[in-house]
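Inside the fold
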Amino acid sequence: QVQLVESGGGLVLAGGSLRLSCAAAGLPGRTAAMGWFRQAPGKEREFVATISWSEDRSYYADSVKGRFAISRDNTKNTVFLQMNSLKPEDTAVYYCAESRWGTSRLSSNYDYWGRGTQVTVSS
């Protein structure tokens, strides 16, 4: 059974940084990519970043490009999201997810999801 557990969220001032982690257990051998999504109150879940599990490829939403960085440690089955220069509009619950299809901006291409970690950025 696949389990994804996010951590590292919290309250931070605008301009600050946070590093999110996603520990994965039970990943199937066909995992092709991991992704981060977020959902703010009253809004739909949106894509943040994705990284290939075996290739050197990653993609970002325009809203976070240049501020966020996704990385992985395959030996520990862990994915990270380094978030710098945080803005109040980054406030959301952040979710990590696993995909068998590869890097994708579409949430429907992800099979397993964590429960999320809250990130709050105050101005």
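Quick caveat: nothing in here was measured; it's all calculated off a predicted structure.

1. Some thoughts on unusual backbone geometry
In this model, Asn77 sits at a positive phi of 50°, which is unusual for a non-glycine residue. Mapped onto the elements, Asn77 comes out in the loop between strand 7 (68-73) and strand 8 (78-83). The backbone of Ser85 shows a phi angle near 50°, a positive value even though the residue is not glycine. Residue position: Ser85 is located in the loop between strand 8 and strand 9 (92-99).

2. Description of the pattern of salt bridges
Inspection of every chain in the model, using the stated rule, returns 8 salt bridges. Where Arg30 meets Glu98, a salt bridge forms, and the shortest distance between an N and an O atom there is 2.3 Å. Of the two residues, Arg30 sits in the loop between strand 3 (18-25) and strand 4 (33-39) while Glu98 sits in strand 9, which places them 68 residues apart along the sequence. For Glu98, a relative accessible area of 0% gives the class buried. For Arg38, the salt bridge goes to Asp90, with nearest N and O atoms at 2.9 Å. In this pair, Arg38 is assigned in strand 4 and Asp90 in the loop between strand 8 and strand 9, connecting sequence segments 52 residues apart. The class of Asp90 is buried, set by a relative accessible area of 1%. Among the charged side chains, a salt-bridge network with shared partners connects Arg30, Glu98, Arg100 and Asp111.

3. Quick word on the state of the cysteines
For the structure shown, the criterion picks out 1 disulfide. Between the sulfur atoms of Cys22 and its disulfide mate Cys96 the distance is 1.9 Å. As the torsion about the S-S bond is roughly 45°, the Cys22-Cys96 disulfide counts as right-handed. Separated by 74 residues along the polypeptide, Cys22 in strand 3 and Cys96 in strand 9 bring together distant segments of the chain. Cys96 matches Cys22 in its accessibility class, with the two residues each being buried.

4. Side note on the packing of aromatic side chains
Two numbers describe a pair of aromatic rings. These are the distance of the centres and the angle of the planes. Scanning the entire structure with this criterion turns up 4 aromatic pairs. Note on Phe37 and Trp113: the rings are 5.1 Å apart at their centroids and 55° apart in plane angle, and the pair reads as tilted. Of this pair, Phe37 sits in strand 4 while Trp113 is found in strand 10 (residues 112-113), placing the two residues 76 residues apart along the sequence. Pairwise contacts between aromatic rings join Phe37, Phe47, Tyr110 and Trp113 into one cluster. A cation sits over an aromatic face here: Arg19 above Phe80, 4.0 Å from the ring centre. Directly above the ring of Trp113 sits Arg45, whose terminal nitrogen or CZ lies 4.6 Å from the centroid.

5. Let's talk about the nonpolar core
Trp36, Leu81, Met83 and Tyr94 are the most contacted members of the largest nonpolar core, which totals 32 residues. For this core, the secondary-structure elements that each account for two or more residues are strand 3, strand 4, strand 5 (46-52), strand 7, strand 8, strand 9 and strand 11 (117-122). Look past the residues within four positions of Tyr94 in its chain and what remains in contact with it is Glu6, Leu20, Trp36, Phe37, Arg38, Val48, Phe68, Leu81, Met83, Gly116, Thr117 and Val119.

6. Quick notes on the sheet that holds strand 7
Here we have 4 strands laid out as an open sheet, ordered 1-3-8-7, and antiparallel in their pairing. Of all strands in the sheet, those bounded by a partner on one side alone are strand 1 (3-7) and strand 7. Pairs of neighbouring strands in the sheet enclose a mean axial angle of 15°, with direction left out of account. Relative to strand 3, strand 1 runs antiparallel, the two being bridged by 5 bridges.

Conventions and cut-offs
- Residues numbered from 1 in each chain as written.
- Predicted model: local features only at pLDDT ≥ 70, side-chain atom pairs only at ≥ 80, totals over all residues.
- Heavy atoms only, no water.
- Helix = DSSP H or I, 4+ residues; strand = E, 2+ residues; numbered from the N terminus.
- Salt bridge = Lys/Arg side-chain N within 4 Å of Asp/Glu carboxyl O.
- Buried < 20%, exposed > 50% of the residue type's maximum accessible area, 1.4 Å probe, protein only.
- Disulfide = S-S within 2.5 Å.
- Phe/Tyr/Trp six-rings, centres within 6.5 Å; stacked < 30°, edge-to-face > 60°.
- Lys NZ or Arg CZ within 6 Å of the ring centre and 35° of its normal.
- Core = buried A, V, L, I, M, F, W, Y, C linked by side-chain atoms within 4.5 Å.
- Contact = heavy atoms within 4.5 Å.
- Pairing = 2+ DSSP bridges.
- Axes fitted to C-alpha atoms, helices over the stretch in contact; angles between N-to-C directions.

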